[in-house]
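Next come the chains, spelled out residue by residue.
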Amino acid sequence: MNKFPVLMFISKLFGVIGWLIVIGGAIALAMTLVSSLRFIGRGGIGYFFWGLLPSVGIALGGLAVVAIGESIGVLFAIEANTRRTAEASTKADKSDPDTSNYEAPKT
């Protein structure tokens, strides 16, 4: 059971929206290529490069959104690993009789 269902939903939502944006950038790039081929003899290469910049920008922006969603997932993994380590450490302290009565030195 996840302790943070809203964050999990936001993480998944960012992933889906990010990939949709990446796909949109790829479609924009394909449309730019097709439309620039129509004008190949009349400066079509210029049309392509001016269309290339926003298309790549859209795709990179989409990848950034995906990365944000994945970062939230990484935070979940860190939290779970930290909890497991703390539980294992607590069990080890209770099972070791030499450390269960340990008191820190007074300063």
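Residues numbered from 1 in each chain as written. Predicted model: local features only at pLDDT ≥ 70, side-chain atom pairs only at ≥ 80, totals over all residues. Heavy atoms only, no water.

Trainee: It is not clear to me how the overall build of the protein chain should be interpreted in this structure. Could you clarify?
Mentor: Along its length, the protein chain carries 3 helices and 0 strands. Carbon and sulfur atoms make up 72% of the accessible area of the protein chain, which totals about 8,300 Å². (Helix = DSSP H or I, 4+ residues; strand = E, 2+ residues; numbered from the N terminus. Areas by Shrake-Rupley, 256 points an atom, 1.4 Å probe, with all protein chains shown as cover.)

Trainee: Explanation requested: the environment of Gly15 in the structure shown.
Mentor: Topologically, Gly15 is positioned in helix α1 (residues 5–38). Classification of Gly15 as buried rests on a relative accessible area of 16%. (Buried < 20%, exposed > 50% of the residue type's maximum accessible area, 1.4 Å probe, protein only.)

Trainee: Any chance you could explain the packing of aromatic side chains here in plain terms?
Mentor: Here the distance between the centres and the angle between the planes together describe a pair of aromatic rings. For the coordinates displayed, the defined rule picks out 1 aromatic pair. The interplanar angle of 20° and the centroid separation of 6.1 Å between the aromatic rings of Phe4 and Phe76 together place this pair among those described as stacked. In this pair, Phe4 is assigned in the segment before α1 and Phe76 in helix α2 (residues 44–95), connecting sequence segments 72 residues apart. Take Phe76: its relative accessible area is 12%, and that puts it in the buried class. (Phe/Tyr/Trp six-rings, centres within 6.5 Å; stacked < 30°, edge-to-face > 60°.)

Trainee: Teacher, can you tell me more about the confidence of the model for the protein chain here?
Mentor: When pLDDT is low, close inspection of the predicted coordinates is not appropriate. Here the protein chain shows a mean pLDDT of 83. Residues at 70 or above account for 84%. The lowest-confidence element of the protein chain is helix α3 (residues 97–100), averaging 57 in pLDDT; the highest-confidence one is α1, averaging 90. (pLDDT = per-residue confidence, 0-100.)

Trainee: Can you help me understand a nonpolar patch on the surface in this one?
Mentor: There is a patch of nonpolar side chains on the surface, built from Phe4, Val6, Leu7, Phe9, Ile10, Leu13, Ile17, Ile21 and Ile58 and spanning about 730 Å² of accessible area. Tracing the backbone shows Leu13 in helix α1. Its relative accessible area of 36% is what places Leu13 among the partly exposed residues. (Patch = residues over 30% accessible without salt bridge, like charges linked within 9 Å, V, L, I, M, F, W, Y side chains within 5 Å. Salt bridge = Lys/Arg side-chain N within 4 Å of Asp/Glu carboxyl O.)

Trainee: Quick question: what am I supposed to make of the side chain of Ser55 here?
Mentor: Within the secondary structure layout, Ser55 lies in helix α2. Residue Ser55 is classed as buried on the basis of its relative accessible area of 4%. Once residues within four sequence positions are removed from consideration, Ser55 is found in contact with Gly25, Ala28, Leu29 and Thr32. (Contact = heavy atoms within 4.5 Å.)

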